[in-house]
Every structure is written in structure tokens, then in C-alpha cells.
Amino acid sequence: MKSPAQSANPTPSPNPNPRPFLTRRILSPGRVSPIDSDQIAADLPPTPAPPRVTEEASTDFKFQLKEKGARRGFVVQLLDPGLLCDNSHFFRELIENDTTTVEVDNVDLYKDAIHLIHSTDKDFIASIVKIGVSKAIDLLQVMCTIKFERGILSCLKYIEAAPWTENEEEKLNILFSKIKFKEPIVEDIVLRLHQKADFSSSAEGDLAIHLIQQIANSTNSSARKDMQSLVKGILCDSSVYQKDQTGLNRDSLYQLCNSCLSSLKDLFKGEVSTDTRPLIEQVSSQVENLTWLFEILINNNMAEEFVDLWGSQEELVKLHECYSPMVRYELSRVSVCVFIALGKGKLQCKGDVRTQVFNSWFGPTLLDFGWLKRCPKGLDFRMFEETLGKALLTLPLVQQQRFFEEWFSCFSVRGMECPNLSTAFQVWWRRSFIRSVVHPGRGDHAVTS
């Protein structure tokens, strides 16, 4: 006979209708339960037999939302499926087909989308502003998938008005390449992403030349240096900003170089100028312009002609001899840049062009080296000495001898006021006076001095 306790607690019968998903549940447009699904399964009492479905209960709809490849997901309970059907073709098809499971790339974004469908336009925009542009772009893609037109338009309006980072701009480009939007506001976004179709590379080049000319004419030293750095960076061949090098006009750049050279000649000739700055400052500005233009030409593989141009400045070389080192040494900064570029192998100049630039500026550079060391302006002298020697070694041996003799004579008198080319000198000596001789009838080599 059973005890009262046993009679009061009968053993429950197996559940004939187990819950289909033991996961967190979304009560749209209500709450997301933070309780773990395993804990839910452990704490739930046995499910009683389902009651007779009422008219009110029949309006609910449940489905499982999970990420692709995941074994578990979220149970979504739609308390007002009619609202979702009216706003989203996706959910209308879902409900009409009585779909039980939906696989998506990002569950959280779809949860947000479901909640936002129940929001007013004002609350919708406020929610998007909180999440920022990057997530708004992701949400826009979801809105397109679920075909929620009001959500698409709200996301586009926010994105069009908000500032973007470069990563966000790239995300937009990718999204717009996949999805074609019909909303008129998209045209405003596209105009922020791309130039108009009739904008040519020559227009870009004209603008770049205009900016360069403005900087070259600037008399504000600090501002000019900042702008020089900015423009050189965006015009660099390896720059992420530079898409088409054909737009940068070579002739226009060399016109600016010639303009700077003409200004330098006028300054050294003592021509009357409206610029009231001291002579040394005006010379320094034009030299900075020339070295900056030379760097732009190097970065865009156009600099060989500059070496020929600088090497042929006979009048400027003669004017250099007439001025004190305190003024004239600025000219040698241009020569230093040219010799460094030649020594690093950045330029493919013909032999006669290399010889010409050494004939014109090697001697003046030796004389001005001491002043360059006093006012280095960032010049790495060890690197300069090394590259000057390497550039000199690209000349024919007989010409190397002439220049090395000139250097030897200068260095023996001026010492550290002259660049130290001893390493290159030793290379030249070995090449000139220690020769490899092949004896007749033998394949081996004998070295004689």
C-alpha cells in the first residue's frame, strides 16, 4: 500500500510535447533572456499537455535563428507577426511558409533588425547613431536581406550625413558593389565615394600642379614645410592616395623647377625683389622648393631630366663663386640630393649626364661641406659620404681619377671640413692599379700590381 507521501508526489509521466529549442528566447519586441539554455532545461518543470489553441494564441509565431554552422541558436517569438509581415517581405515569406529555422551570418544584427522594425523613425535613427557608421553599414546589409524598406532608407540617411573612416569607406564600396539601391539618397553617398565620370586624370594633375605652385610661392616657412610634406606624401608613387600617375604632368613640374632656378639666379644677381625677407632666407626657400620638387620627380620616376638640368647651370655655378659661403652653401643642398640619388641607384642617367653634374657641382660641394655640417637640416653626413663615393665610382676610371685627386687635395688641407671619401678612393685605387691578368694558354688568373 502506498504511503501518503508517495500518493502526494506521483512520478511525472514523460513529456509528450518537448520544447523544440532549448536556447535563449527573444520576445519580439520585448526581451532577450540572458539565462543559459542548459539551465533553462534543468529548471523547467515537465511540460503539461498543450491547452486548446485560442484565437489570441494563434497570432504568435516562433522560429529558431542561428548562425551558419552553429548547432544552437535563439528562439524568436513574434508576438505581433502581422507587423513584421507588413514591413518585411522576408518575414512574410517566413511566416507563410511556416519556416522553423533560419541560418544567418550574424544573429545579433538580425535581433537588432527585428527590434528596430517595431521602432518609430525617430527611435530608429537614435539607435543607429549610437552604434556608429561601421555597424550601421552591417545593419544596412541585413535590412536589404529582410527587405525592410523603411530600415534601408533610415540607414542610408544616417550614413550619408555621418563622417566616415577609410575602413568604413571601403566597407561601403564593397556593399555598393554587391547591392544596387533604388533610393535617391544613394546618389549623394556615391558622390562622396567617387568622382564624377567626366572627371579626368588630367584634371587631377592640373590640381596637383596648382597646389605645388601655391606652395612654391609661399613665404611662410613653417606652413610651406608642412604643405610640402603633405603634398609629397599624396603624390608619392607608393601612396595609398595615388591611383593614376598619368595625371601628373612632367612638363608642368619642370616649368616649376625652371622658375625656381630663375629666381635663384635673380637673387644672386641682386635683382630687385618685392620680397622683404633677408637674402639667405629667400635663397633657402627656393632651394627647399627645388629639393622638394626633385623628391616628387624621383617618387614618380621622372627625375633623370632634373640631373641634366642641374648639371647645366653654368651661370649659377659662376654666381656661386662670387658669394660668401654663408649664402652660397644653400645651393649645395641641391647637389647633395642629386649625388645621394645617384649613389643609391635611384636614377638611370647616361654617363655624360653624370659626368656633367660632377663637373659642375663636385668642387662647390667640397667647399661648402663645412657649412652644410654647421646647418645640417636633417642631412645624414655618413650616408652622404657613402653615396657620394658610390656615385663617383659610376664614372669612367679616368674621370674618377681626376675627381679623386681633387678630393684628395681638398681633404688634405680642410680635413673634416671636407667629405671623407676614403672608402671609395680605395675601391678606385684597386680597380685602377691592381689588375687581373689572364696568361696566354691558361685558364687561371694571376694578380699583378
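Residues numbered from 1 in each chain as written. Predicted model: local features only at pLDDT ≥ 70, side-chain atom pairs only at ≥ 80, totals over all residues. Heavy atoms only, no water.

> Describe the packing of helix α14 (residues 304–311) against helix α17 (residues 331–343), with residues and values.
As a packed pair, α14 and α17 sit with axes 11 Å apart at the nearest point and diverge in direction by 140°. In terms of their interaxial angle, α14 and α17 are classed as oblique. The way α14 lies across α17 gives a crossing that is left-handed. Here α14 contributes Phe306, Val307 and Trp310 to the contact with α17, which in turn contributes Leu331, Val334, Ser335 and Val338. A per-class count over the contact of α14 with α17 returns six nonpolar, one polar and no charged. (Axes fitted to C-alpha atoms, helices over the stretch in contact; angles between N-to-C directions. Helix = DSSP H or I, 4+ residues; strand = E, 2+ residues; numbered from the N terminus. Parallel < 35°, antiparallel > 145°, perpendicular 65-115°, else oblique. Left-handed = near helix turned anticlockwise from the far one by under 90°. Contact = heavy atoms within 4.5 Å. Nonpolar A, V, L, I, M, F, W, Y, C, P; charged D, E, K, R; others polar.)

> So what's going on with helix α11 (residues 221–235)? Which residues, and what values?
Along its 15 residues, α11 runs 21 Å from first to last C-alpha, staying within 8% of the 21 Å computed at 1.5 Å per residue. The set of residues buried in α11 consists of Arg224, Gln228, Val231 and Leu235. Along the axis of α11, the buried positions cluster into a sector of 80°, meaning they face one direction only. Its side-chain oxygen placed 3.2 Å from the backbone nitrogen of serine 222, asparagine 220 serves as the N-cap of α11. (Expected span 1.5 Å × (residues − 1). Buried < 20%, exposed > 50% of the residue type's maximum accessible area, 1.4 Å probe, protein only. Arc of directions from axis to C-beta. Polar contact = N/O pair within 3.5 Å; in protein donor to acceptor, adjacent residues only side chain to side chain.)

> Report on unusual backbone geometry, specifying residues and quantitative values.
Here asparagine 301, not a glycine, exhibits a phi torsion of approximately 55°, which is positive. Tracing the backbone through its elements, the reader meets asparagine 301 in the loop between α13 (279–299) and α14. Overall, the relative accessible area of 57% leaves asparagine 301 in the exposed class. Of note in the backbone geometry, lysine 377 takes a positive phi value of approximately 50° without being a glycine. Within the element layout of this structure, lysine 377 appears in the loop between α18 (351–374) and α19 (381–392).

> Account for the confidence of the model for the chain, naming residues and giving values.
Taken as a whole, the chain shows an average pLDDT of 79; of its residues, 76% reach a score of 70 or greater. Segment residues 1–58 is flagged for pLDDT under 50; beyond a separation of four residues in sequence, or across chains, it makes 56 contacts in the model. (pLDDT = per-residue confidence, 0-100.)

> Would you mind going over a nonpolar patch on the surface in detail, with residue names and values included?
Together, Trp429, Phe433 and Ile434 give the surface a local cluster of nonpolar side chains, amounting to about 290 Å² of exposed area. By the element assignment, phenylalanine 433 lies in helix α21 (residues 422–433). For phenylalanine 433, a relative accessible area of 37% puts it in the partly exposed group. (Patch = residues over 30% accessible without salt bridge, like charges linked within 9 Å, V, L, I, M, F, W, Y side chains within 5 Å. Areas by Shrake-Rupley, 256 points an atom, 1.4 Å probe, with all protein chains shown as cover. Salt bridge = Lys/Arg side-chain N within 4 Å of Asp/Glu carboxyl O.)

> Explain the packing of α13 against α17 residue by residue, including any values.
Where α13 contacts α17, the axes come no closer than 8 Å and their chain directions differ by 15°. In terms of their interaxial angle, α13 and α17 are classed as roughly parallel. Considering how the two elements wind past one another, α13 and α17 form a crossing that is right-handed. Taken together, the residues of α17 that come into contact with α13 (itself represented by Val287, Leu290, Thr291, Phe294 and Ile298) are Leu331, Arg333, Val334, Cys337, Val338 and Ala341. Its residues placed into classes, the contact of α13 with α17 shows nine nonpolar, one polar and one charged.

> Give me the lowdown on the nonpolar core, citing residues and values where you can.
Counting residues in hydrophobic clusters, the biggest one holds 72 residues, and the most contacted among them are Phe306, Trp310 and Phe358. In this view, phenylalanine 358 contacts Phe339, Leu388, Ala391, Leu392, Leu395 and Phe403; residues no more than four positions away in its chain are not counted. Grouped together as the second largest cluster of nonpolar side chains are 43 residues, Ala113, Ile117, Cys144 and Leu193 included. (Core = buried A, V, L, I, M, F, W, Y, C linked by side-chain atoms within 4.5 Å.)

> Describe the packing of aromatic side chains, listing the residues and the values that go with them.
Following the criterion strictly, the structure yields 24 aromatic pairs and no others. Here the aromatic rings of tryptophan 428 and phenylalanine 433 are separated by 5.7 Å at their centres, their planes lie at 80°, and the arrangement is edge-to-face. Owing to a relative accessible area of 3%, tryptophan 428 belongs among the buried residues under this scheme. A cation over an aromatic ring shows up here: arginine 192 above the ring of tryptophan 164, its NZ or CZ 3.6 Å from the ring centre. (Phe/Tyr/Trp six-rings, centres within 6.5 Å; stacked < 30°, edge-to-face > 60°. Lys NZ or Arg CZ within 6 Å of the ring centre and 35° of its normal.)

> Describe α17, listing the residues and the values that go with them.
Between its first and last C-alpha, α17 extends 19 Å over 13 residues, near the 18 Å set by a 1.5 Å rise per residue. Buried residues dominate α17, accounting for twelve of its 13 residues. Here α17 has its buried residues at Leu331, Ser332, Arg333, Val334, Ser335, Val336, Val338, Phe339, Ile340, Ala341, Leu342 and Gly343. Just downstream of α17 lies glycine 345, where phi reads positive at about 75°.

> Which residues make up the pattern of salt bridges, and what are the values?
Counting across every chain of the model gives 15 salt bridges. For arginine 224, the salt bridge identified is with glutamate 288, shortest N-O distance 3.0 Å. A residue pair is termed long-range when its members are at least 10 positions apart, and arginine 224 in helix α11 and glutamate 288 in helix α13 qualify at 64 residues. The same class applies to arginine 224 and to glutamate 288, which are both buried. The partner of lysine 390 in a salt bridge is glutamate 386, with the nearest N and O atoms 3.2 Å apart. With lysine 390 and glutamate 386 both in helix α19, this residue pair falls four residues apart, about one helical turn. On the accessibility criterion, lysine 390 (43% relative accessible area) is partly exposed. By relative accessible area, glutamate 386 is classed as partly exposed at 45%.

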